[in-house]
Amino acid sequence: MGKKRVMLPAEELDLSTVKYEPEVIDAPHLTGLTFRLFVKILEAPLIGAAIISYMKKKNRMIEFLRSTVIPEPPMYKPEFPPQDPEPGTILLDEDGNPEDRVELALKCLPDYDSASSWNGDLSQFRYWKIRDYVYGYRSKLVTPSMVAERIITVIEEFNHKKPPAPLLVSFDAEEVRKQAAASTKRFEEGKPLSILDGIFMAIKDDIGCYPYIMKGATTWKDETNSNNEDAVCVSRLRSCGVIFVGKANMHELGMGTTGNNPNYGTTRNPHDPERYTGGSSSGPAAIVASGICSAALGTDGGGSVRIPSSLCGVVGLKTTYGRTDLRGSLCGSGTVEIIGPIASSVEDVTLVYAAILGSNPMDRNILKPSPPCLPNFPSIESLNAMGSLRLGKYTPWFNDVHSTDISDKCEDILNQLSKTHGCEVVEIVIPELHEMRTAHLVSIGSAMLNGLNPDCEDGKGTELNYDSRTSMAIFRSFTASDYVAAQCLRRRLMYHHMEIFKKVDVIVTPTTGMTAPKIPPSALKYGETDIQVTGYLMRFVIAANLLGFPAISVPVSDTGFTYAISFLCQEFFLSFAQKLSI
């Protein structure tokens, strides 16, 4: 008796009584043979259940899900009112041709100055932005086939590195040459499909891309999934003339934040090969950060686009839930996942986003999203829209990082925005952050379990990596009542955030609570479990997934460690992020 916890209705919560509690996660860090033994014990019927129950109690999950009366009804998908377009934005037709949207997006960008922007180095093609390629192709200084040969050479070099640092899990040099030759011919005939024609991109291995079979970076998914068709987002890019270099490496089935993958080798951080890239979109972020591709597609269900973008020093966009069509990906049945672009600049993210946007018609009927729009950068400059922005900062949470260098660097950026552009920093309070972490874990874990159950029942569960098997054991411990409770918390947390957005335009945090962690050598063969590291990497990213809001990670330092700042909002301020892109 006396254990029941009763929450006040969200609208009655007095925020002045909310005290920030630093996040402390109680779980072991295991690698190598010790990790293998732990997984075997965890999967044992009685002792495994007891261990998981103990860990859930220690981390207050039982308290939040089963010992608490939550007055709000459940919300099974993000629900938020449509937003009016911001001043200085241009509406896009999500039912129109991707090529037309990209051309319109191009007109929204600042003028391209070839003299200052184009480096003219025809030997490398490294770190070229999309408009650098556009200038090079249309000026007949370079062809897609010339670029393809250089990219093929570099990718093959990565595949033979010691230790292995594979960027791609599926790669066919002849397929790349074939696509590049077709693009080159279109330029010779003066008929490029769009300004994305001849742009090289990598696609994460949980997104369909012809002719490769989608494996999710497992060793067996191609046995149960024979479909090699393009996902909807990939089809839209292909209609614009994009050249796909292959399927990018990732944390197996997206069930991890480091990018560790014993199946194909762990992708290394381009800034320091002894460190992780972050995950689960490890390959897409690394191939952009290496300067090989201007952009890539990833998926983001718990920071999986923004975390590796942050650790690799590139830009990652988590779109509004439902804004991009998930059909043809492995995450199509979830309620927190999106497909989003990773690129070296906000400008390139804008162009790729314009091509891939467009919701699933079924989702559109339910979610009723606002019409998609893009900022008209010159117009926004003339309107001085930056100066009116209110930036929300929850200081105790903002500073809850592994190293104060992270919060200090992000604080410097806020000061710069205030001094240079007149943005106002507003102190806010975000209640129930620990409950949010739990609700997100149950939501994404239940969706993953639902998607994998048929294969696991067919005996494929034992072929998963040990860290994936650890996650699956935890996910199986969730009950139907846990799931409903998590959705009640989702509605409650949505209320809190909608109230916050009445006071501010953007919520600003570091993207991750730590810089790229070192790769333990013992983790390369069997993987690892380190929930404390996962907690730091996911600390600031969860709200965008659970509540469906858009968010972007932008690098703010390119010296030593990579640092990144993240912006969460109701409709996206790409123009705002553009000011920070380096």
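Being a predicted model, the structure only gives us computed values, none of them experimental.

## Structural notes on the packing of helix 10 (residues 232-239) against helix 13 (residues 346-356)
Piece 1. Here helix 10 crosses helix 13 at 110°, and the two axes come no closer than 8 Å. Between helix 10 and helix 13, the angle falls in the class roughly perpendicular. The residues of helix 13 that touch helix 10, namely those facing C233, R236 and L237, are V352, A355 and I356.
Piece 2. Partitioning the contact of helix 10 with helix 13 into residue classes produces 5 nonpolar, no polar and 1 charged.

## Quick look at the side chain of H440
Piece 1. Along the chain, H440 turns up in helix 18 (residues 433-457).
Piece 2. We classify H440 as buried; its relative accessible area is 3%.
Piece 3. Side-chain polar atoms of H440 contact the backbone oxygen of G301, separated by 2.8 Å.
Piece 4. Excluding its chain neighbours within four sequence positions, the residues that come into contact with H440 are G301, G302, V336, G445, M538, I542, N545 and L546.

## Focus on the sheet that holds strand 12 (residues 338-343)
Piece 1. Spatial strand order, 5-7-6-10-12-11-18-19-16-14-15: 11 strands in an open sheet with mixed pairing. Edge positions in the open sheet fall to strand 5 (168-170) and strand 15 (424-427), since each of these has one partner strand only. This sheet shows a mean twist of 35° between the axes of neighbouring strands, independent of strand direction.
Piece 2. Relative to strand 19 (residues 563-569), strand 18 (residues 551-557) is paired through 6 bridges, and the arrangement is antiparallel.

## Quick notes on the state of the cysteines
Piece 1. Enumeration according to the criterion identifies 0 disulfides in this entry.
Piece 2. Here C423 is not cross-linked by a disulfide; its sulfur's nearest cysteine counterpart is in C569, at 13 Å.

Each value, and the rule that gives it
- Residues numbered from 1 in each chain as written.
- Predicted model: local features only at pLDDT ≥ 70, side-chain atom pairs only at ≥ 80, totals over all residues.
- Heavy atoms only, no water.
- Axes fitted to C-alpha atoms, helices over the stretch in contact; angles between N-to-C directions.
- Helix = DSSP H or I, 4+ residues; strand = E, 2+ residues; numbered from the N terminus.
- Parallel < 35°, antiparallel > 145°, perpendicular 65-115°, else oblique.
- Contact = heavy atoms within 4.5 Å.
- Nonpolar A, V, L, I, M, F, W, Y, C, P; charged D, E, K, R; others polar.
- Buried < 20%, exposed > 50% of the residue type's maximum accessible area, 1.4 Å probe, protein only.
- Polar contact = N/O pair within 3.5 Å; in protein donor to acceptor, adjacent residues only side chain to side chain.
- Pairing = 2+ DSSP bridges.
- Disulfide = S-S within 2.5 Å.

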